[in-house]
Protein chains: 2
Amino acid sequence: MKVTDLQVIPFSIPRKAFRNGKCLEATTVTQTLTKILTDQGAEGYYFGGHGHGDQDGMTADQINVLTGRLKQMLVGHDPFDREKFWHWMWVANIPENLLSVVDMTLWDLQARAFGVPVHKLLGGCRERVRAYGSTFPNMGSPEDYAAHALACKAEGYTHYKIHPYYFWDPETGQSDPGRPSHIEWDIRCCQAVRDAVGDHMVLSFDPWGTYRTYEDAFIVGRELERLGFYWYEHPMNEYRVGPYEKLARELTIPILSPEIAAGSIYTRFDWIARGASDMTRIDILRGGITGCIKMAAIAEAAGVKCEMHMAGFANLQILGATSEDVCTYYERGLLAPGVDYDTPQPYLEEICDPMDKAGYVTVPTEPGMGYKINWDYIEAHRIDR
Amino acid sequence: MKVTDLQVIPFSIPRKAFRNGKCLEATTVTQTLTKILTDQGAEGYYFGGHGHGDQDGMTADQINVLTGRLKQMLVGHDPFDREKFWHWMWVANIPENLLSVVDMTLWDLQARAFGVPVHKLLGGCRERVRAYGSTFPNMGSPEDYAAHALACKAEGYTHYKIHPYYFWDPETGQSDPGRPSHIEWDIRCCQAVRDAVGDHMVLSFDPWGTYRTYEDAFIVGRELERLGFYWYEHPMNEYRVGPYEKLARELTIPILSPEIAAGSIYTRFDWIARGASDMTRIDILRGGITGCIKMAAIAEAAGVKCEMHMAGFANLQILGATSEDVCTYYERGLLAPGVDYDTPQPYLEEICDPMDKAGYVTVPTEPGMGYKINWDYIEAHRIDR
């Protein structure tokens, strides 16, 4: 089988964003569908590739890399030669999200060609994954977080993760670009949530690298330990590994990092070897399915958990092929009061991750990624012709 | 699809062993074929599982574990759930070679079901692999090694690996159980081979853990450096990691270890993290294809080569799915003067690894592992009925 074409189809979708405590008015944004075609009719698909999971379409310049240089690499080659392309793209310094899109489209292609979901090609491990509810940042007052956590608990979530206050002053409810974090408010938020949900709900915390000093990170970490939080994610910027080594040494709460550091498995191996990651983290736009599965192997060998970042179809396929002892949770979100997470995007018949009352999400069993695509919607909303 | 049965078929094959400088008389030994069957007719096969690669059949007690406990684990489950079984078997402390047999039979099954060679499921990376000629130990005098190395060079080999003298006195040509190694002879052997083949042939050296002191290992290593050898494999026993850390620090020649240490990826991650492995090594009976592919990912992330141990179909499938920058060579052997390596075993139509004049072996492209099985031979030589 040979690749004959790579196409990226941009199309418009509605989006209601949530920002700084409020649901915004609906707007229209661009989603992208990447397609790889072959001489034998097999096709592979991937939605998104920019930003959060498979939710955000690629930009025009990113599309140009795919339909230019990357298409040229693929055409005439066997679409099952993923490992060859993966190495080629890393050496060629292709942006991580774009090489990830190619990798995932090829996984979808092979799994569709054989009529199985991707996780059964990787080697199936489980049929469902425990989810956690992952909040938007700046969701409101500590009491708003507490009420939301309780609502999530009532829905079935057994684990709730707080993204606290970034570049936003929770006192005034105003944007605060000069002040990336407000640790006293972050602590108050964690306390309010713990008080509301009781001792037994799993809670985690991700200030997304906004603590600019080791001391801020340490003070909040000690409080999280006191409150019995499960993990402490990405407190400081991830360009410096030394402060993470120190934090992992000085705190007992597991430090979950790097979250967004570039360099996929290469960076993350280094962090583990240096003792900077009590738990590690990667996502499907930092090496694709191939990168995440390699990372799970590294984490398993090291005895370090690898918690997959973000939501989406590819995440679930990866989790379906990994043990809960290595990759325990699925990140369901981002959530906030008033955000409609459970209605599918109009280009899909179903969301990837309906959650049951026990707090589990079932790994999609459709061939490939598991998309049920509404082709009519896509055709009717193409913005490239 | 569900597994319905696991069978192990023992059958007799001729074997001409080579030991202590001589080809022995032909004898008959037992090979085993492991079969996993499904309710949809798909079947998977694996030959061997004991000792060297896929060449040695399992013993009766090993067969009992497979047809007892492991069959019970598999029946009724999806044969594509390899990752689930892999974790189960490690936790259950199933012997590494037996869990490897299950894993590889399941890979063969899926690849056959989809009509592709295993490496195309893993993600293809290359079509051919550079081979090295790997000698039997105790092959004769240093001059015998030198002549053999020259013959290998003439055949196309670009890399030659010496297994030197173990438990055998090269002076008397007699077995010498009280003296595991004779380093002065090992050095003489390496010198003779280097002199014979010239400066440009890649040479490696594997005393297979027979050096009982750090000092012996160090002295030989320094001489290998002087002779421009490429790697220095498994000089000391692999139960103690500390001496390997020291040797890797003190010598510049890459230390390739652990070779035979138990514990698959878990042990090997630890060695890399401790700086004890300049290069790492694993084989298909220490975790199956799944274990080797995980190990290649770890090695790639660490920037450490992973040289696959032993010859065989599964090795070639793994190498077909890895980069030469991670797993460079294929071990072709064991070889010695008078050993017929190129005639297939009677249960196979072809050997897995014919080598071309440039010293490359082509990755098999038949579905599954790539076996071309002579079923009539197996049926006629079954020893279980």
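Nothing here was measured: the structure is a model prediction, and the numbers come from that model.

Take the packing of aromatic side chains next. Within this structure, the stated rule accounts for 48 aromatic pairs over all chains. On the numbers, 6.2 Å between centres and 35° between planes, the contact of Phe205 of chain A with Tyr232 of chain A is tilted. Pair noted here: Phe205 of chain A is in strand β8 (residues 202-205) and Tyr232 of chain A is in strand β9 (residues 231-233), with a separation of 27 residues, a long-range link. In this structure, Phe205 of chain A and Tyr232 of chain A share a single accessibility class: buried. Between Phe47 of chain B and Tyr371 of chain B the ring centres are 4.8 Å apart and the planes differ by 80°, which places this aromatic pair in the edge-to-face class. Separated by 324 residues along the polypeptide, Phe47 of chain B in strand β3 (residues 43-47) and Tyr371 of chain B in the loop between β14 (360-362) and α12 (375-380) bring together distant segments of the chain. Of the two residues, Phe47 of chain B and Tyr371 of chain B, both sit in the buried class. Put simply, the rings of Phe11, Phe47, Phe313, Tyr347, Tyr371 and Tyr377 of chain A pair up and form one aromatic cluster. Just above the ring of Trp107 of chain B sits the side chain of Arg82 of chain B; from NZ or CZ to the centre is 3.5 Å. Looking at Arg188 of chain B, its charged tip hangs above the ring of Trp185 of chain B, at a distance of 4.1 Å from the centre.

Residues and elements named next belong to chain B. Across its 19 residues, helix α3 (residues 96-114) extends 27 Å between first and last C-alpha, which sits within 8% of the 27 Å expected from 1.5 Å per residue. Where burial is concerned, most of α3 is hidden: 17 out of the 19 residues are buried. Directly after α3, the chain includes Gly115, whose backbone phi takes a positive value near 70°.

Next up on the list: the relation of the copies chain B and chain A. When chain B is brought onto chain A, the operation consists of a screw motion whose angular component is 180° and whose axial shift is 0.0 Å, with 0.0 Å RMSD remaining. Taken together, the turn and the small shift mark the pair as related by a two-fold rotation axis. Counting the interface residues of chain B, we find that 100% of their copies in chain A are interface residues as well, pointing to one common contact surface.

The strands making up a sheet are joined through hydrogen bonds of the backbone, oriented either antiparallel or parallel. All names here are of chain A. Ordered in space as β1-β2-β3, the three strands form an open sheet in which the pairing is antiparallel. Unpaired on one side and paired on the other, β1 (3-19) and β3 (43-47) mark the two borders of the sheet. Ignoring which end each strand starts from, the neighbouring axes of this sheet average 15° apart. When strand β2 (residues 22-38) meets β3, the two strands line up antiparallel, connected through five bridges.

Let us now look at the sheet that holds strand β1 (residues 3-19) of chain B. All names here are of chain B. With respect to topology, three strands assemble into an open sheet ordered β1-β2-β3, the strand pairing being antiparallel. For this open sheet the edge positions go to β1 and β3, each flanked by a neighbour on one side alone. Pairs of neighbouring strands in the sheet enclose a mean axial angle of 15°, with direction left out of account. Sheet strands touched by α3: β2 (22-38) and β3. Its angle to β3, the strand with the most contacts, is close to 135°.

Looking now at the interface of chain B and chain A. The interface of chain B with chain A comprises 32 residues on the first partner and 32 residues on the second. When chain B packs against chain A, close to 2,700 Å² is buried across both sides, 60% of that on carbon and sulfur atoms. Three residues, Lys120, Phe269 and Glu300 of chain B, lead the burial of chain B against chain A; their summed loss comes to 22% of the area buried on that side. With a closest N to O distance of 2.8 Å, Lys120 of chain A and Asp78 of chain B form a salt bridge. At the boundary of chain B with chain A, the tally comes to 18 residue pairs in polar contact (both at pLDDT 80 or more).

On to the side chain of Asp206 of chain B. Residue and element names in this part refer to chain B. Residue placement: Asp206 occurs in the loop between β8 (202-205) and α7 (214-226). From its side chain, Asp206 meets the backbone nitrogen of Trp208 in a polar contact 2.7 Å long. Excluding anything up to four places from it in sequence, Asp206 contacts Lys161, Ile162, His163, Pro164, Tyr166, Glu233, His234 and Glu259.

All names here are of chain A. Using the criterion set out here, one finds 50 salt bridges over all chains in the structure. Among the salt bridges present, the one from Lys161 reaches Asp206, with a minimum N-O distance of 3.9 Å. Highlighted residues: Lys161 in strand β5 (residues 159-162) and Asp206 in the loop between β8 and α7 (214-226), separated in sequence by 45 residues. The residues Lys161 and Asp206 share a single accessibility class, namely buried. Sharing partners across several salt bridges, the network here consists of Lys161, Asp206, Glu233, Glu259, Arg281 and Glu331.

Within the structure shown, the criterion is met by one cavity of 30 Å³ or more. Its volume calculated, the largest cavity comes out at about 460 Å³. Forming the boundary of the largest cavity are 31 residues, of which Leu122, Ile293 and Lys294 of chain A together with Ile293 and Lys294 of chain B lie nearest the centre. Contributing elements (two or more residues each) for the lining of the largest cavity: α2 (82-91), α4 (118-122) and α10 (288-302) of chain A together with α2 (82-91), α4 (118-122) and α10 (288-302) of chain B. Here the residues of the lining of the largest cavity sort into 16 nonpolar, eight polar and seven charged.

Conventions we followed
Residues numbered from 1 in each chain as written. Chains lettered and ligands numbered in written order. Predicted model: local features only at pLDDT ≥ 70, side-chain atom pairs only at ≥ 80, totals over all residues. Heavy atoms only, no water. Phe/Tyr/Trp six-rings, centres within 6.5 Å; stacked < 30°, edge-to-face > 60°. Helix = DSSP H or I, 4+ residues; strand = E, 2+ residues; numbered from the N terminus. Buried < 20%, exposed > 50% of the residue type's maximum accessible area, 1.4 Å probe, protein only. Lys NZ or Arg CZ within 6 Å of the ring centre and 35° of its normal. Expected span 1.5 Å × (residues − 1). Least-squares fit on C-alpha atoms with pLDDT ≥ 70 in both. Contact = heavy atoms within 4.5 Å. Pairing = 2+ DSSP bridges. Axes fitted to C-alpha atoms, helices over the stretch in contact; angles between N-to-C directions. Buried area = accessible area lost by both parts, 1.4 Å probe. Salt bridge = Lys/Arg side-chain N within 4 Å of Asp/Glu carboxyl O. Polar contact = N/O pair within 3.5 Å; in protein donor to acceptor, adjacent residues only side chain to side chain. 1 Å grid on protein atoms, 1.4 Å probe; cavity = no way out; pocket = protein on both sides within 12 Å on 5 of 7 lines; lining within 4 Å. Points joined across faces, edges and corners; volume = space filled by probe spheres on them. Nonpolar A, V, L, I, M, F, W, Y, C, P; charged D, E, K, R; others polar.

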